[in-house]
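# What the coordinates show
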Amino acid sequence: MATRYWVGNSGNWSDTSHWSIESNGNGGYSVPTSIDNVIFDSNSFSTNSTVVLDVNGYCNDMDWTMIDSSVSFSNSVNYLNIYGSFLLSPLLTFNFYTEVTSRIYFYNNTSMNLHKNGSSIKIGANNGGIYFVGSGIFNLLSDFILESNPAITINNGTLNTNSYNITCNQLRTNNCTINAGSSTISTVIYSADSGTILNPGTSTFSNKSIYSTYGFNCGNLDYYNIIHWGQSSGYLSGVKSCNNLILYINSINDSNLNLASNIVINGDFIVNSSNYRTFIKSNDIGTPRSITVNGSIVASNVDFRDITITGSSAPFDASNIDGGSGDCGGNSGIIFTPPQTQYFKHTSGAVNWSDTTKWFSDQSKTIQGRIPLPQDDVYFDASSFTDTSILTVNVRRIGKSLDMSAINKSVTVTLSNSIECYGSFVLGNNITLTYVGYIVSLCGRNSTFYINTYVKKLYALQIWSANGTYINQSNLDIGSYFEPIKGTFDINDFNLSTMAVMGGRGNYGNTDNTLYCGNGIITLTQTINNGYLWLTVQNLYTENSTIILNSSNGSGNIIFGQNQPTIFNKFIDSGNHAGYYRFTDSNTYK
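Residues numbered from 1 in each chain as written. Predicted model: local features only at pLDDT ≥ 70, side-chain atom pairs only at ≥ 80, totals over all residues. Heavy atoms only, no water.

Turning next to the overall build of the protein. Check the secondary structure of the protein and you find zero helices and 69 strands. Taking the intrachain contacts of the protein between residues at least 6 apart in sequence as the baseline, contacts between residues at least 24 apart amount to 46%. Of the accessible surface of the protein, which amounts to about 22,200 Å², a share of 45% is contributed by carbon and sulfur atoms. (Helix = DSSP H or I, 4+ residues; strand = E, 2+ residues; numbered from the N terminus. Contact = heavy atoms within 4.5 Å. Areas by Shrake-Rupley, 256 points an atom, 1.4 Å probe, with all protein chains shown as cover.)

All right, on to the sheet that holds strand β28 (residues 225–229) then. Strand order in the open sheet formed by eight strands is β17-β20-β23-β26-β28-β30-β33-β36, and the pairing between neighbours is parallel. Each edge of the open sheet carries a strand with a single partner, namely β17 (144–145) and β36 (297–299). With two bridges connecting them, strand β20 (residues 166–167) and strand β23 (residues 184–187) associate as parallel partners. Across the sheet, residue I166 finds its bridge partner in β23, namely I185. (Pairing = 2+ DSSP bridges.)

Turning our eyes to something else, we now look at the packing of aromatic side chains. Each pair of aromatic rings is reported with the distance of its centres and the angle of its planes. Under the counting rule described, the total for this entry stands at 35 aromatic pairs. Aromatic pair F304 and F336: ring centres 6.2 Å apart, planes at 65°, arrangement edge-to-face. Residue F304 is located in strand β37 (residues 302–305), and its partner F336 is located in the loop between β41 (334–335) and β42 (342–344); the two are separated by 32 residues in the primary sequence. Pair check on accessibility: F304 and F336 agree, each one buried. The ring of F279 carries the charged tip of R397 above its face, separated from the ring centre by 4.1 Å. (Phe/Tyr/Trp six-rings, centres within 6.5 Å; stacked < 30°, edge-to-face > 60°. Buried < 20%, exposed > 50% of the residue type's maximum accessible area, 1.4 Å probe, protein only. Lys NZ or Arg CZ within 6 Å of the ring centre and 35° of its normal.)

Among the secondary structure elements, R397 is positioned in strand β47 (residues 397–399). In terms of polar contacts, R397 uses its side chain to reach the side chain of D303, at 2.7 Å. (Polar contact = N/O pair within 3.5 Å; in protein donor to acceptor, adjacent residues only side chain to side chain.)

Right, let's talk about the pattern of salt bridges for a bit. Inspection of every chain in the model, using the stated rule, returns eight salt bridges. A salt bridge links R397 to D303; the nearest nitrogen and oxygen atoms lie 2.7 Å apart. Pair noted here: R397 is in strand β47 and D303 is in strand β37, with a separation of 94 residues, a long-range link. Here D303 falls in the buried class, since its relative accessible area comes to 1%. Residue D376 pairs with R370 through a salt bridge whose shortest N-O separation is 2.8 Å. A residue is classified by how much of its surface remains accessible, and D376, at 0% relative accessible area, is buried. By sharing partners, the salt bridges in this structure join R277, D303 and R397 into a single network. (Salt bridge = Lys/Arg side-chain N within 4 Å of Asp/Glu carboxyl O.)

Take the side chain of K281 next. Within the element layout of this structure, K281 appears in strand β34 (residues 278–282). Buried and unpaired, K281 has E420 as its nearest opposite-charge partner, separated by 4.9 Å. Those residues in contact with K281 that lie beyond four places of it in its chain are N256, L257, N258, L259, R305 and I307. (Lys, Arg positive; Asp, Glu negative; His and termini not counted.)

So, on to the pairing of strand β18 (residues 151–154). Note on strand geometry: in a regular strand, side chains alternate between the two faces of the sheet. Covered by surrounding structure in β18 are A151 and T153 together with I152 and I154, the residues of both alternating faces. Sheet topology note: the strand β15 (residues 129–132)/β18 ladder contains three bridges and is parallel. In the sheet register, F132 faces β18, and the bridge partner there is I154. Bridge analysis of β18 against strand β21 (residues 170–173) gives four bridges, and the strand direction is parallel. Bridging from a neighbouring strand, A151 pairs with Q170 of β21.

What follows is about the pairing of strand β31 (residues 255–259). The buried fraction of β31 is high, at five of five residues. Across the two faces of β31 the burial is the same, with S255, L257 and L259 and N256 and N258 all buried. Relative to β31, strand β29 (residues 235–241) is paired through two bridges, and the arrangement is parallel. Counted as the bridge partner of Y235 is N258 from β31. Both β31 and β34 contribute to a ladder of five bridges, which runs parallel. Bridging across to β34, L259 finds its partner in S282.

In this structure, F40, W64, F73, L80, F86 and Y223 are the most contacted members of the largest nonpolar core, which totals 78 residues. Excluding residues that lie within four positions of it along the chain, L80 makes contacts with W13, L53, G57, M62, F73, F86, F94, F96, R103, I104 and Y105. Residues M404, I463, L524 and I547 belong to the second largest nonpolar core, which totals 48 residues. (Core = buried A, V, L, I, M, F, W, Y, C linked by side-chain atoms within 4.5 Å.)

With respect to topology, three strands assemble into an open sheet ordered β32-β35-β38, the strand pairing being parallel. Edge positions in the sheet fall to β32 (263–265) and β38 (307–310), since each has one partner strand and no second. The sheet shows a mean angle of 20° between the axes of neighbouring strands, direction not considered. Judged from the four bridges that link them, strand β35 (residues 289–293) and β38 form a sheet pairing that is parallel. The residue of β38 that forms the bridge with I291 is I309. (Axes fitted to C-alpha atoms, helices over the stretch in contact; angles between N-to-C directions.)

For the coordinates displayed, the defined rule picks out one cavity of 30 Å³ or more. Computed from the structure, the largest cavity encloses a volume of approximately 80 Å³. Residue lining of the largest cavity: W353, V393, I398, L402, M404, V413, L415, I419, F425, L427, L433 and V440, and that is the complete set. Among the residues making up the lining of the largest cavity, the classes are represented as twelve nonpolar, no polar and no charged. (1 Å grid on protein atoms, 1.4 Å probe; cavity = no way out; pocket = protein on both sides within 12 Å on 5 of 7 lines; lining within 4 Å. Points joined across faces, edges and corners; volume = space filled by probe spheres on them. Nonpolar A, V, L, I, M, F, W, Y, C, P; charged D, E, K, R; others polar.)

Turning next to the layout of surface pockets. For the second largest pocket, the calculated volume is near 440 Å³. Around the second largest pocket, the lining comprises 23 residues; the ones closest to its centre are R277, N301, G323, I371 and V395. Taken together, the residues of the lining of the second largest pocket sort by class into six nonpolar, eleven polar and six charged.

In structure tokens, the structure reads:
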């Protein structure tokens, strides 16, 4: 084991002229190895400098604490491998951010100290990051906050946070022990495998996930406090228990929390969404998740779907909470705001769906109502508009059954987000629908509902009807995908034009779908090479329908993958596709 001192201001790691055996000594000594300690001190730099890791770097201890000039430690595509302690300086910036594969590895097998000490660490966020791979003990001596939010992966050993805070984009743990003390550990993505041992202390795990299918996978462990900050979507799975679960919904309207497992909360469940609406739901429609709360529940502006509240707080009386409570189906242990039909009244010109002054609870429109909750039927009639208008739908869950068929003025309906309807969905002759980019999801369950678009073009249509049925009442024109994912959909002898019929994809959970094609014409217009025209429908009744393959994507491969034994009535190739169709099933084609 030797000690190497850096000398001579800026330079490359591989340049032996910068390595000395003493402080302020002569260079010319060998580049450090994994058993050598490396020191950067006040004699290393006489001015602001840059050290470039131009090769993979190795050392035992790395100590920057004694520098008195600002230094940038930059990297291209190389790895820094540390076998001992890692002691930094507030004057140091790690600029490993320009290359997404840059990494720092900690290989300690005994005990080491990790002192970020106010330095700045910027590392590539994709395949780059910080990896703990040694079997030893890693001791934090200061907050470990990564400015560029790369990943931290702990694959072995024991991390003692000593109650210092950790902030990163991703935290992945595997076969390790974390002694969390009273730390706050903040991530966007967190994944703990079954080999992780967590001693939570009084720590807080803070999550800002924006992902609906992954984000906060907690490894079936016990936690103390968990905070979920409202984003567009969030995912929570594998919390065996926690003391408090707190949702802060203060910056994004209509934040989602998707629960992929049951959770026990020994303290309080707080949904702090006073200004924005949030949605707490099972990640799989029709599969309930239980939230056992043994403290209190405080909530506002919240909707639930497939959630069961148990514990000493059950039933949770949410009937009079601020903003009301929305019942999207499949819930128990919750007393919801009673359903109330809402009627819309405007004059002319532009108006937003979220304008509370436009909603009334009586058909004569004299009693002030509310923005419809998912259990509220929604009606527009001849007195809803006095002249040409533009209605912007700027909420996601628009209500239970929607009926706009009685509107007698010209109204342009513009979607500013995807929408969910929990009953029938009926537009009207006087409606012009601006559809680009947003999905209409029909989510009524346990009953029969209707859809009548009056041949207004939708961007995409999804059916999430757990144990329910939707019956179509007009020709359907869908610019993108038609996805009958759950429940029964009856095209009902009308025509359907869409890029593809997608019965269910892997990220949609369990699919249980039935499609009746009727006697109409189904035109498939997929334009993506190697894209699907059709993907599995579990129970498909083609009846006397005609399917027209009308792809025009050039010479690529287009896939028809029903993958369930089915007899198809009639297929027609329009001849517009210069490539070929690939059938991945063993069905019968008349």
